[in-house]
Amino acid sequence: MSVVTPSFNTGAYIEDTLGSVEQQDYPRVEHIVLDSGSTDGTAEILARHPGLRLVTPAPQGLSAKMNLGFSLARGDIVCWLSADDYLLPGAIAKAVDAFKRHPEAGLVYCNSLQVDETGVEIGRTRSRQASVRDMLRYNYVPLESAFVRREALERIGPVDDSYPLVQDWDWLIRICKQFPIAWVDDWWSANRVQPQQRSQLYKADIWLQVRTMTRRHGGAYLPVFAYYWGPKFLRAGGMLLTGQFSRFRAKLRTHLASLGRREQTRKGLEY
């Protein structure tokens, strides 16, 4: 079993990530961390964990890191775990058990647990068993909960750097196109919601890349537009109807600020 974690200036959170892998009760877990020259204290944190397999200096860019990490991974099952997310106790053993119950699956996944910057739970989202058609409208596979067979990794090829904000979604769709995937109604990991994550900083570019990427895979415009923007419009309407004007303005400022980051998109996507 191999866990691959890309890193760049992730010192605020990566200790939790490393500890969550080390505390798994499954034997022979390989944790590969690829760091591209962090300057925020990440190196000192990594040095406190001699059991991990550290690659530094790693290539710049998320896709390049992941492709190198996958090529180095020796496990029959691989997990892409971001440096601000973490596994829950028993996650790997549960994923391996899911593969035993679904031997035809190239990927198994579960639901999404969200935590804030300090690790306090702020929400849970139940996923569903998704088809390729579903995945072309919405990403039902929380990346931090996805475990992939080596055979699937090798068949679909490298992570595509054409979509620096949604290359994980594209990667998951390509797996779905060639292998069955299996959803388990459980909670294996935590997704950290924090102000500096890509989904918060680059909202405008994310939509453009989602549209281009899903169209390349044969997706239609209206379904992906409805699934992407529909919940956002509903939340905005709810804020206005309930008098949450300060919260609405803050969210609007976040979206407008993302429009000004178009030129920074690739520069800020190290991990």
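Predicted, not measured: the structure shown is a model, and the values here were computed from it.

**Overview of the pattern of salt bridges**
If you walk through the whole model with that rule in mind, you get 15 salt bridges. We note a salt bridge from Arg 53 to Glu 30, for which the minimum N-O separation is 3.0 Å. Taken together, the residues span a long stretch of sequence, with Arg 53 in strand β3 (residues 53-55) and Glu 30 in strand β2 (residues 30-35) at a distance of 23 residues. Beyond isolated ion pairs, a larger network of salt bridges with shared partners links Asp 160, Asp 170, Arg 174 and Arg 216.

**Things to note about the pairing of strand β4 (residues 77-80)**
The two faces of β4 match: Ile 77 and Cys 79 on one face and Val 78 and Trp 80 on the other face are all buried. Strand direction decides the pairing type here: strand β1 (residues 2-7) and β4, joined by three bridges, are parallel. For Val 4, the partnering residue across the bridge sits in β4 and is Trp 80. The pairing of β4 with strand β9 (residues 147-149) spans three bridges and is classified as antiparallel. Bridge pairing in β9 links Val 78 to Val 148.

**Comments concerning the packing of aromatic side chains**
Per the stated rule, a full pass over the model turns up eight aromatic pairs. Each ring, one from Phe 147 and one from Trp 188, has its centre 5.8 Å from the other, and the planes form 70 degrees; the classification is edge-to-face. Of the two residues, Phe 147 is situated in strand β9 and Trp 188 in the loop between β10 (181-183) and β11 (189-192); the sequence distance between them amounts to 41 residues. Trp 188 shares its class with Phe 147; the two are buried. Ring geometry for Trp 207 versus Tyr 221: centroids 6.1 Å apart, planes at 70 degrees, classification edge-to-face. With a gap of 14 residues between them, Trp 207 in helix α9 (residues 203-216) and Tyr 221 in helix α10 (residues 221-241) connect regions that are remote in the sequence. The buried category is assigned to Trp 207, whose relative accessible area is 11%.

Calculation notes
Residues numbered from 1 in each chain as written. Predicted model: local features only at pLDDT ≥ 70, side-chain atom pairs only at ≥ 80, totals over all residues. Heavy atoms only, no water. Salt bridge = Lys/Arg side-chain N within 4 Å of Asp/Glu carboxyl O. Helix = DSSP H or I, 4+ residues; strand = E, 2+ residues; numbered from the N terminus. Buried < 20%, exposed > 50% of the residue type's maximum accessible area, 1.4 Å probe, protein only. Pairing = 2+ DSSP bridges. Phe/Tyr/Trp six-rings, centres within 6.5 Å; stacked < 30°, edge-to-face > 60°.

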